[in-house]
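Secondary and tertiary structure notes
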Amino acid sequence: MREAIKQIKGVLQGFFLAGLLITSIHQFIIGQPSLNLIQSESFTHAISNDIAEQRDIVVNEILYRRESAGSPEFVELFNRSYKTINLQNWELVIGSGSVEVAEPIELKSNDYIVFTDHEGFAGLSDKIYYLPGFPVLTDNGSSVAVYNHEEILIDSLFYKSDWGEVAPGVSLERRDPGGLSIDPANWSVSLDMSGSTPGLQNSRYEVDFLPPEILFASLKGEEIVVYFDEFIMFDNSEGQGAVGSPKFKANGRELAVLEFNPNIANRVVLDTGSLSAGEEITLEIDGLSDFKGNMTSSSQPVAQPVQAGDLVLNEIMYHPLPGDDNFSGQSEYLEIFNRKNYAVSLEGIFLHDAPDDIGEYNRMDPVSAEMKWIPAREFALLYPENENLAPSESRTGRAFGISEELNRFGLRFERAGLGLVNSGRNVVLSDSTGNVIDQVGYSPDWHNPNLMTTQGVALERIDVNGESNDPGNWSSNRTVLGGTPLGTNSIEQVELQSDSEMEITLQPNPFSPDGDGLDDQLEIVYRFADPNYLLKVRIYDRYGRLVRKLADGYPAGLHGSLFWDGKMDDGSRSRIGIYIIYVQAYNASNGSRKEFKETAVLARQF
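Quantities reported herein were computed from a predicted structural model and do not represent experimental measurements.

**Considerations on the sheet that holds strand S16 (residues 253–254)**
Read across the open sheet, the four strands follow the order S16-S15-S19-S20; overall the sheet is antiparallel. Every other strand in the sheet has two partners, leaving S16 and strand S20 (295–301) as the edge strands with one partner each. Relative to S20, strand S19 (residues 282–289) runs antiparallel, the two being bridged by six bridges. Its bridge partner being in S20, serine 289 is matched across the sheet by methionine 295.

**Thoughts on the sheet that holds strand S9 (residues 141–147)**
Strand order in the open sheet formed by four strands is S5-S4-S9-S10, with antiparallel pairing between adjacent strands. Whereas interior strands pair on both sides, the edge strands pair on one side only; in this sheet they are strand S5 (97–100) and strand S10 (153–160). For this sheet, the mean inter-axis angle between neighbouring strands, taken without regard to orientation, is 15°.

**Overview of the packing of aromatic side chains**
Scanning the entire structure with this criterion turns up 18 aromatic pairs. Aromatic ring contacts, followed pair by pair, group Tyr526, Phe528, Tyr533 and Phe596 into a single cluster. Above the ring of phenylalanine 350, the side-chain terminus of arginine 363 is found at 3.6 Å from the ring centroid. Taking NZ or CZ as reference, lysine 597 lies 5.5 Å from the ring centre of tyrosine 582, over its face.

**Brief notes about the layout of surface pockets**
Of the voids in this model, the largest pocket is the one considered here, and its volume is about 2,200 Å³. Forming the boundary of the largest pocket are 44 residues, of which Asp162, Trp163, Leu215, Glu370 and Met371 lie nearest the centre. When contributions to the lining of the largest pocket are tallied by element, the ones reaching two or more residues are S10, strand S12 (187–189), strand S13 (214–220), strand S14 (223–228) and strand S28 (410–413). Volume-wise, the second largest pocket comes out at about 410 Å³. Taken together, 22 residues form the lining of the second largest pocket, with Arg175, Ala185, Asp208, Leu210 and Glu230 sitting closest to its centre. Here the lining of the second largest pocket is built from residues that sort into nine nonpolar, three polar and ten charged.

**Focus on the side chain of aspartate 183**
With respect to the helices, strands and loops of the structure, aspartate 183 is situated in the loop between strand S11 (172–174) and S12. Although buried, aspartate 183 forms no salt bridge, and the nearest oppositely charged side chain, arginine 175, lies 9.3 Å from it. Separated by 3.0 Å, the side chain of aspartate 183 and the backbone nitrogen of alanine 185 make a polar contact. For aspartate 183, the residues in contact, after removing those within four places along its chain, are Glu230 and Phe231.

So, how was this worked out
Residues numbered from 1 in each chain as written. Predicted model: local features only at pLDDT ≥ 70, side-chain atom pairs only at ≥ 80, totals over all residues. Heavy atoms only, no water. Pairing = 2+ DSSP bridges. Helix = DSSP H or I, 4+ residues; strand = E, 2+ residues; numbered from the N terminus. Axes fitted to C-alpha atoms, helices over the stretch in contact; angles between N-to-C directions. Phe/Tyr/Trp six-rings, centres within 6.5 Å; stacked < 30°, edge-to-face > 60°. Lys NZ or Arg CZ within 6 Å of the ring centre and 35° of its normal. 1 Å grid on protein atoms, 1.4 Å probe; cavity = no way out; pocket = protein on both sides within 12 Å on 5 of 7 lines; lining within 4 Å. Points joined across faces, edges and corners; volume = space filled by probe spheres on them. Nonpolar A, V, L, I, M, F, W, Y, C, P; charged D, E, K, R; others polar. Buried < 20%, exposed > 50% of the residue type's maximum accessible area, 1.4 Å probe, protein only. Lys, Arg positive; Asp, Glu negative; His and termini not counted. Salt bridge = Lys/Arg side-chain N within 4 Å of Asp/Glu carboxyl O. Polar contact = N/O pair within 3.5 Å; in protein donor to acceptor, adjacent residues only side chain to side chain. Contact = heavy atoms within 4.5 Å.

Structure (structure tokens):
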């Protein structure tokens, strides 16, 4: 009989995994009384004789990657009930192997027990037990199941190597004992200095009070595939609207659920209905809940497949500043911009250079573009780092102050640089099929010729709708930092069509620099048809006497402002009266000179 039961354990385990998400609605498949699995850490369910039920005891920590040959592996269990449970004749099943607990071991409420394959390790604590015949925990993943003395499945999971970047001797820790065992989001790599916490509270322990969030929603043919940051509750037995079932809508239209797998419960496939590509699609979800009962409503743009011209290379840092004792340095980077009014998927995109005579090229792929997308009229960053650093932690992020909120819009390339040589080269952005999305053959000649050096200064696109390889559509970033990664370009503007549209305006006029916070400064606003002008600004009184040298060789870009606080060069206050604002603009790239004279009135409040 025992052998027969063993043969069907795999089947029972599969049933348990598949049915676990709906056990708060239906009774357990093994005939146990219905339990409320949406509960907090203070789980109380008094049962006489301390008989264990499903999830009273859970797998809490797994060390499957040995620190070195001969070092221990282990599985830790945690008693999340108020019972004291005898583990004698319990069975731990790992992959195709199993081991039985032969001796009586009492596991008290809110306490831990560790089973290991290493006798020396077991001697370190009275909570660690050596089990002869302990099955091997494989590095690439394995099932782990716990059965009580009556062959009832108490807890199970299938860990995978992609649940965390586990170094040798470092364990996987459960975050919330009351959360789902099979949810990868409920597991993380140990942060403890020793690499694990056997018999102790996990370093990653954190009760889950947060509702699920949408990570990615993408349009694929006539389906919308949605991924969440954790497993969601979903009961499709009675259709949408059933208990535990969220409602899905797009642009106000209800969507039918085509696919949901309880073992991959962070993914849902929806029918698009009458929606089609090329229009903005916003997914809305009501009644979205996780296994713990944390509920919310959520919405997110649906990313659509990328087409040629949807994305453009928008900023190029090819000659970064090196680091020193006081500065971490810059790195090469590329910024891309989504010209569409809907979100675009970045899955599958890669970089390469110009093809040779037989069509071959050097290809660079990001570490992962999975579930990456770019919002409508927004930016994404392509950056190199050998280490696993988010955009905000990268050299580019530290140099330019990229916030953590923008990390999801970065694609890392596992290398020191992107091969952006100072002499210029072709950079091609392609999709997963090799179709070209955009390409730029940048040149150092595209920089503002008035700059003494262009090291640490990015090339920026002027007009996102202009030609990618038009030298007149690119110039130098004019900020102090030298670049604007994941932000609006410092020279971005639809270029003026003629010099007749160039202008200088003053505001407010009159102005009153009396320190009352109202109209205290004169703003000199300018617009030019070319970004390469340098400005010389002088202010004269009504008698032609020089009052203030406001700017000399100031890089203007296409538009911007300068401010006069009403003071003279020596810092003294100017008198009430009329002043001449004289602006000279010189363009060294073509020798063009422009002059503007405007009148401003300096007044005082009475």
